[in-house]
Amino acid sequence: MILSGVLTLSSVWGQINRGGTPVSEKLIYPEEAIVRMMPPDLQQVRELESYRSESKNQPFQFAIPYGVSLNTGNSGRWYTLLDGRKVWKLGIESPGAYSLNLIFDRFELAPGDQLFIYDALKGYVLGGFTSENNKPSGILATQPVPGDRIFIEYHPSSSFAGPSRLSIGQVAHDFTDDRPMVTAGGCV
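Here is a short report on the structure shown in this document.

## Some thoughts on the overall build of the chain
Along the chain, the regular secondary structure elements total two helices and 13 strands. In the chain, which comprises 188 residues, the proportion classed as buried is 47%. As displayed, the chain has an accessible area near 10100 Å², and 57% of this comes from carbon and sulfur atoms.

## Looking at the side chain of Arg-149
Along the chain, the position of Arg-149 falls in strand β10 (residues 149–155). Within polar-contact distance, the side chain of Arg-149 engages the side chain of Glu-93 at 3.4 Å.

## As for the nonpolar core
Ranked by size, the top nonpolar core spans 28 residues in total, and within it Ile-92, Leu-102, Phe-104, Leu-115, Ile-117, Ile-152 and Ile-168 carry the most contacts. Residues within four places of Ile-168 in sequence aside, it is in contact with Val-68, Ser-69, Leu-70, Leu-90, Ile-92, Leu-102, Ile-103, Phe-104, Asp-105 and Ile-152.

## Description of unusual backbone geometry
The residue after Gly-127, namely Gly-128, is reached through a cis peptide bond having omega 5°. Among the structural elements, Gly-128 can be located in strand β7 (residues 125–129). At Lys-122, a residue that is not glycine, the phi angle is positive and equals roughly 55°. As for its placement among the helices and strands, Lys-122 is situated in the loop between β6 (114–119) and β7. Judged by its relative accessible area of 29%, Lys-122 falls in the partly exposed class.

## As for the pairing of β10
Counting buried positions over the seven residues of β10 gives seven, a clear majority of the element. Of the two faces of β10, both are covered, the one formed by Arg-149, Phe-151, Glu-153 and His-155 as well as the one formed by Ile-150, Ile-152 and Tyr-154. With six bridges connecting them, strand β4 (residues 86–93) and β10 associate as antiparallel partners. Paired with Leu-90 across the bridge in β10 is Ile-152. The pairing of β6 with β10 spans six bridges and is classified as antiparallel. Looking across to β10, one finds that Asp-119 is bridged to Ile-150.

## Some thoughts on the pattern of salt bridges
Tallied over the entire structure, the rule returns five salt bridges. Of the charged contacts, one joins Asp-83 and Arg-85 as a salt bridge, the two residues approaching to 2.7 Å between their closest N and O atoms. In this structure, the salt-bridge partner of Arg-149 is Glu-93, at a minimum N-O distance of 3.4 Å. Placement of Arg-149 in strand β10 and of Glu-93 in strand β4 is noted, with a sequence separation of 56 residues between them.

## Description of the environment of Met-37
One can find Met-37 in the loop between β1 (34–36) and α2 (42–54). On a C-alpha basis, the gap between Met-37 and Val-68 in space is 9.6 Å, while along the polypeptide they are 31 residues apart. Apart from the residues within four sequence positions on either side, Met-37 is in contact with Tyr-66, Val-68, Ile-92, Glu-93, Ser-94, Pro-95 and Val-171.

## Here we look at the pairing of β4
Summarising burial for β4: seven of the eight residues are buried, a large majority. In this structure, strand β3 (residues 77–80) lies alongside β4, joined through four bridges in antiparallel fashion. Considered in β4, the bridge of Thr-80 is made with Lys-86.

## What about the packing of aromatic side chains?
Applying the stated rule across the entire model yields four aromatic pairs. Aromatic side chains Trp-78 and Tyr-154 sit 6.1 Å apart centroid to centroid with 70° between the ring planes, which places their arrangement in the edge-to-face category. Here Tyr-154 lies in strand β10 and Trp-78 lies in strand β3, a separation of 76 residues in the sequence. The exposure class of Trp-78 is partly exposed, given its relative accessible area of 27%. Among the residues examined, Tyr-154 registers a relative accessible area of 2% and is labelled buried. For the ring pair Phe-107 and Phe-129, a centre distance of 6.4 Å and an interplane angle of 85° mean the geometry is edge-to-face. Taken as a pair, Phe-107 in strand β5 (residues 99–107) and Phe-129 in strand β7 lie far apart in primary sequence, 22 residues in all. Among the residues examined, Phe-107 registers a relative accessible area of 1% and is labelled buried. The ring of Phe-151 is capped by Lys-89, whose NZ or CZ atom sits 4.8 Å from the centre of that ring.

Rules behind the numbers
Residues numbered from 1 in each chain as written. Predicted model: local features only at pLDDT ≥ 70, side-chain atom pairs only at ≥ 80, totals over all residues. Heavy atoms only, no water. Helix = DSSP H or I, 4+ residues; strand = E, 2+ residues; numbered from the N terminus. Buried < 20%, exposed > 50% of the residue type's maximum accessible area, 1.4 Å probe, protein only. Areas by Shrake-Rupley, 256 points an atom, 1.4 Å probe, with all protein chains shown as cover. Polar contact = N/O pair within 3.5 Å; in protein donor to acceptor, adjacent residues only side chain to side chain. Core = buried A, V, L, I, M, F, W, Y, C linked by side-chain atoms within 4.5 Å. Contact = heavy atoms within 4.5 Å. Pairing = 2+ DSSP bridges. Salt bridge = Lys/Arg side-chain N within 4 Å of Asp/Glu carboxyl O. Phe/Tyr/Trp six-rings, centres within 6.5 Å; stacked < 30°, edge-to-face > 60°. Lys NZ or Arg CZ within 6 Å of the ring centre and 35° of its normal.

This is how it looks when you write it as structure tokens:
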């Protein structure tokens, strides 16, 4: 139990928000730019819930991970704003999820770049992530975002060098609603 608290605090420390605002309200976002995940197998969920209730000394598993390969070159949509700035936006939907979280298997933002992750109503926003969130491993795991639909919005700096510095390698579908939510101040 203490180890879980330490991991949670480490996750919060690694996801320091740098401020800023997504520009999505200015973008018309087509439904075809949303990646739709297959719902989890109900038998697999039942087995995980049964295992959880029987194995009190095991880590709490609240989500089913899905391996993906989503990046700025093969998913989402690029926009050019009236002032010439570029913005990439990707929607991910996993029907029935209580929350979704991501693992970027490549997270390398250049100075001046920003990335935001938010729910469908923009009531829960993570970010802006900046180059200060880059890790030597190139990996970034995000906090869970409530709901079964999230959006990722990337604002490259004016020195935009092209796609492939961001890649999402895993989307986790939260199948239970009884895990602690993490906020900037800690667990709720």
